[in-house]
Amino acid sequence: MDWSHTDLMMDRIKLFIKKDYMKSFFICFIIAFLSFLPFVIKGEGFFVLTNDFNDQQIPFTIGLHNALLDSGISGFSWDIDLGTSTMDGFSFYELGSPFFWLSMLFPANAFPYIVAWLFMLKFSFAGLISCLYLRRFVKDSKWAILGSVLYAFSGFSLVNLVFYHFHDAICFFPLLLIGLERLKEKKDYPFFIFTVFLNCIINYFFFVGEVVFLVIYYLCRFGRKDIKGMLVDAVKCVLCGILGVGMAAFVFIPNIIFISGNPRTGQFGGILSMLRTSLPEYMYILKTLLLPADPMTSISAVYTTRFSSHGFYLPMIGLVLVIAYVVRKKDWLSKLIVYLAVASFIPLLSDLFYMYSAAQMRWWYMFTLMAALASVRMLEEPDVKSIKLGTGIYISLIAAFVIVINVLNRLNVQGLDWISNPKRFYTYVVLTVIGALVTCRIATGEQIKWKAVTFNVTIFALGIMFATMFVYKTCDWMGYQAYKQRYQVATQLELPSNQYRLNDTMNLISMTAHVAGFTNQSSTDTNSIRDFEALFDYYAEVVGMPKNDVPGVAELLAGKYYFAFEQVPGLCVAEYDTDMGKVYLMEREACPIGFAVDSYITKDDLMSMDLNQRGIALLDSAVLDADSLTKEIKADLPRCAPADIDLDKSISDYVNEHLDGAVLGFNKDGHGMSCVTAYDKDTYVYFSVPYDAGWSAYADDKQLDIIESGGMMMVKVPAGEHTVRFDYYTPGLKVGLVISGICILIFLVFTFYKQNGKMK
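Residues numbered from 1 in each chain as written. Predicted model: local features only at pLDDT ≥ 70, side-chain atom pairs only at ≥ 80, totals over all residues. Heavy atoms only, no water.

(A) Examining the overall build of the chain more closely. Looking only at helices and strands, the chain has 30 helices and 17 strands in total. On C-alpha atoms alone, the chain measures out to a radius of gyration of 29 Å, which is about the 27 Å that the 2.2 N^0.38 rule sets for 760 residues. For the C-alpha atoms alone, the extent of the chain along its principal axes is close to 95 × 70 × 70 Å. By the burial criterion, 58% of the 760 residues in the chain qualify as buried. Long-range contacts, defined here as pairs at least 24 residues apart, represent 74% of the contacts in the chain between residues at least 6 apart. Accessible area of the chain: about 30500 Å², with a carbon and sulfur share of 60%. Looking at the chain, you have 62 positive and 70 negative side-chain charges, and the mean spots of the two groups are 18 Å apart. (Helix = DSSP H or I, 4+ residues; strand = E, 2+ residues; numbered from the N terminus. Rg over C-alpha atoms; globule rule 2.2 N^0.38 Å. Buried < 20%, exposed > 50% of the residue type's maximum accessible area, 1.4 Å probe, protein only. Contact = heavy atoms within 4.5 Å. Areas by Shrake-Rupley, 256 points an atom, 1.4 Å probe, with all protein chains shown as cover. Lys, Arg positive; Asp, Glu negative; His and termini not counted. Charge placed at Lys NZ, Arg CZ, Asp CG, Glu CD.)

Set out below in structure tokens:
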């Protein structure tokens, strides 16, 4: 063995570990590790938190894993509600996440056992990458290490623990700013282009907000009186940005097509109406800027529960040094911070970050990075007068807020319970004031000791993060054991027939078992599902329509199987052992996914009926709107008026009729579905599968026209025996792949010539 070579390698490793950004990595990892560890141990390795983390983040990661193994990014996932494009359904969550692709090294159903460790890595990389950005603005990089801890464990990061995928944006956003800085400093166009590409592909939603921030950042940081030179410079940046987005087009274009038809996409509400907001909103924004972030599920003041991303507080330091910096400095950073603070209170400016969809302060992680930068710059070059003034202003704002909210509470203004958890609220107030005073004492001392500041910030960060996780855990709507029981069932579940769905609304079960179900917790299920739900006057941004609330709907949608957690009357088709005892898979009556229909009802006629009669009407006749009614359909199918619907006929009778008209040999996978039809005449067949422009249908080799029927699909198949298949391919993906290929080629050529000095 060459010991000299080994020693050299060890020396290099030691030097690498001592790098400032690696110190950030390890400090952040230790804080996250100590915060997660008690809950990991208590769960025997199985980590859950609460609400959206349990209901979306865990199952969606498992669901995406399964979908990619099935059909790659172009296919169709049967696990998201009634079925949704893999690309459209999962891109907002984790399709572009490097941490997700790391999880692909493990079995899909292992995710609850590795998610805590991946989360620790996210916090660690948030520290590492933010340190790389922050050290550009300090003389001694040790202050960048401190700033990275403030950023990684800000109130935004902690309040959004339930939104696991948000932390990808927190991790990689600073890289985008580094790219812009390098472009301006070294004309490093390739690196900037790559950072645009990376952030775009990681999460298109957050990327839009980052682009808006980048424009504001550029104007504050690099704005100058030379308008012509600035415009030329800006054009170069824009061209680089376009190339970076073009490289990510295979993800970006399909998702832009998808969200353009999404009814949940926000709309501009008018300038005047967006210049102000409500009193509770003002108070909540102020609270979350001043005090540690409350968990979304249990808020101590203003609101009691709210799933928004209002969180800002920097551990221990709060706003003390930010205010001091703004008071002392009149530079680009000071101007940017003032703008962002003002924008937080004006919806016209705040919602601009996400094109006037509900921003919910989901851009504040960018604000916290600027606040962390201001704080460490003030520590590196302290000004005693400014720091004392900043401390006084900060504590005065907290005191004023406490007085006002108590007055509002005492007067019962707007009928609200302004302080719902006094004990926690005042604990936060006391801790914040103590943190401000400690910060002031340290920062105004004769010599600021970096280790002392970092140690205190680390203890604060650890304490607040652990407390936030503890509250989240205590607010879980379903206990750990009950959740794990369903997970254990899901790992064993196989439906007896894949022509039917699981009549269960938990994402966890459908996605872990990889079966079609009634999952109802998704922000990105296909748009046509909203069209179907609108037939029943139902609309919600995330939660899907409960399919069993309206008679006939669950049967129409093939909801045949359900779970019983104790023995009940009915047909049991399987039993599963869990830590909490047996679980039984039961069977009920339901229509198959594909069956023949012999009449139609217009959408207007259907909507004129009583809500509880509409499910029965759809069992009787397929619904069609005016745009779908061709002369051929009118000639082939009789129209059924509301008065013609036999409401006395039982749902069971309807189900039996549709069983007689069911397609044969039904099979589905990630690329679509297939079946055999053998009708004695040309027949219209209804499939309770969401309509999407990505579908194409064939009877043998002849393409069929797909008719939209209330958000679902219907086709006319010819008489005789035929193999009918539906193929799915994500709309916009082919165009996106071509654009990405061209742009990547341009990028590689550009980079080659740039590195070889042939392009200035």
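Let's pick the thread back up.
(B) Looking closely at the nonpolar core. Counting residues in hydrophobic clusters, the biggest one holds 226 residues, and the most contacted among them are Phe36, Tyr133, Phe153, Tyr217, Trp363, Met370 and Phe687. Ranked by residues supplied to this core, first place goes to helix α6 (residues 111-134) with 14 residues. In this structure, Tyr133 is in contact with Pro174, Leu177, Ile178, Glu181, Tyr217, Trp332, Leu369, Met370 and Leu373, ignoring residues within four places of it in sequence. (Core = buried A, V, L, I, M, F, W, Y, C linked by side-chain atoms within 4.5 Å.)

(C) Here's a closer look at unusual backbone geometry. We note that Met316 has phi near 65 degrees; this positive angle belongs to a residue other than glycine. Looking at the secondary structure, you find Met316 in the loop between α14 (279-290) and α15 (320-328). The exposure class assigned to Met316 is buried, which follows from its relative accessible area of 1%. Even without a glycine there, the phi angle at Asp700 is positive, about 60 degrees. Accessibility expressed as a relative area gives 32% for Asp700, which makes it partly exposed.

(D) Summary view of a negative patch on the surface. A surface patch of like charges, here negative, comprises Asp531, Asp604, Asp625 and Asp627. On the secondary structure map, Asp625 appears in the loop between β9 (622-624) and α28 (631-636). You can call Asp625 partly exposed: its relative accessible area is 31%. (Patch = residues over 30% accessible without salt bridge, like charges linked within 9 Å, V, L, I, M, F, W, Y side chains within 5 Å. Salt bridge = Lys/Arg side-chain N within 4 Å of Asp/Glu carboxyl O.)

(E) Seen up close, the packing of helix α19 (residues 384-410) against helix α20 (residues 422-443). Contact geometry of α19 with α20 gives a least axis separation of 9 Å together with a crossing angle of 170 degrees. One element, α19, and the other, α20, form an angle in the roughly antiparallel class. Contacts between α19 and α20 pair Ile387, Lys388, Thr391, Tyr394, Ile395, Ile398, Phe401, Val402, Ile405 and Asn406 from the former with Phe425, Tyr426, Val429, Thr432, Val433, Ala436, Leu437, Cys440 and Ala443 from the latter. A breakdown of the residues in the contact of α19 with α20 according to their chemical character gives 15 nonpolar, three polar and one charged. (Axes fitted to C-alpha atoms, helices over the stretch in contact; angles between N-to-C directions. Parallel < 35°, antiparallel > 145°, perpendicular 65-115°, else oblique. Nonpolar A, V, L, I, M, F, W, Y, C, P; charged D, E, K, R; others polar.)

(F) The state of the cysteines, seen in detail. Taken as a whole, this structure holds zero disulfides when the rule is applied. No disulfide involves Cys675; its sulfur sits 15 Å from that of Cys591, the nearest cysteine. (Disulfide = S-S within 2.5 Å.)

(G) Spotlight on the side chain of Ser709. By the element assignment, Ser709 lies in strand β15 (residues 707-709). Residues in contact with Ser709, not counting those within four places in the same chain, are Ala622, Val623, Leu624, Tyr686 and Met714.

(H) Highlighting the pairing of strand β6 (residues 581-587). Bridging between strand β4 (residues 559-564) and β6 involves four bridges; their strand directions are antiparallel. Within the sheet, the bridge partner assigned to Phe563 lies in β6 and is Leu585. Where strand β5 (residues 571-578) meets β6, seven bridges bridge the pair, whose relative direction is antiparallel. Paired with Asp577 across the strands is Lys582, a residue of β6. (Pairing = 2+ DSSP bridges.)

(I) Geometry of the pairing of strand β13 (residues 695-699). Counting buried positions over the five residues of β13 gives four, a clear majority of the element. Where β13 and strand β17 (residues 720-728) come together, five bridges link them in antiparallel fashion. Its bridge partner being in β17, Ser696 is matched across the sheet by Asp727. Two elements, β13 and strand β14 (residues 702-704), share three bridges in a ladder whose sense is antiparallel.

(J) Geometry of a positive patch on the surface. Taken together, Lys14, Lys18, Lys23 and Lys451 make up a surface patch of like positive charges. Note that Lys23 resides in helix α2 (residues 20-42).

(K) Structural detail: the pattern of salt bridges. This model, assessed by the stated rule, comprises 26 salt bridges. As a salt-bridge pair, Lys142 and Asp140 come within 3.7 Å of each other at their nearest N and O atoms. Judged by its relative accessible area of 32%, Asp140 is partly exposed.

(L) Just α2, in detail. The terminal C-alpha atoms of α2 lie 34 Å apart, and with 23 residues this matches the ideal 33 Å at 1.5 Å per residue to within 8%. The largest bend in α2 amounts to roughly 35 degrees and is located at Phe36, with the proline Pro38 lying one to four residues further along. (Expected span 1.5 Å × (residues − 1). Bend = angle between axes of the 7 residues up to and from the residue.)

(M) Up close: the environment of Thr368. Assignment of secondary structure puts Thr368 in helix α18 (residues 364-380). With 105 residues separating them in the primary sequence, Thr368 and Lys473 have C-alpha atoms 26 Å apart. Those residues in contact with Thr368 that sit more than four places away from it in its chain are Tyr151, Ser154, Phe156, Phe312 and Leu314.

(N) The arrangement of the sheet that holds β14 in detail. Across the sheet, five strands lie side by side as β10-β11-β17-β13-β14; this open sheet has antiparallel pairing. The strands lining the two open edges of the sheet, one partner per strand, are β10 (664-669) and β14. Within the sheet, the average angular offset between the axes of one strand and its neighbour, ignoring direction, is 25 degrees.

(O) Quick peek at the sheet that holds strand β7 (residues 594-597). Pairing within the open sheet is antiparallel, and its four strands lie in the order β7-β12-β16-β15. If you trace the sheet from one side to the other, it starts and ends with β7 and β15, each paired once. Averaged over neighbouring strand pairs, the angle between their axes works out to 35 degrees when direction is ignored. Taken together, the four bridges between β7 and strand β12 (residues 683-687) define a ladder with antiparallel strand orientation. In the strand pairing of β12, Phe595 is matched with Tyr686.

(P) Representation of the packing of α2 against helix α7 (residues 142-152) within the structure. At a minimum axis separation of 9 Å, α2 and α7 run at an interaxial angle of 35 degrees. The hand of the α2/α7 crossing is right-handed. Across the interface between the two elements, Asp20, Lys23, Ser24, Ile27, Cys28 and Ile31 of α2 pack against Ile145, Ser148, Val149 and Ala152 of α7. Residue composition of the contact of α2 with α7, grouped by class: six nonpolar, two polar and two charged. (Left-handed = near helix turned anticlockwise from the far one by under 90°.)

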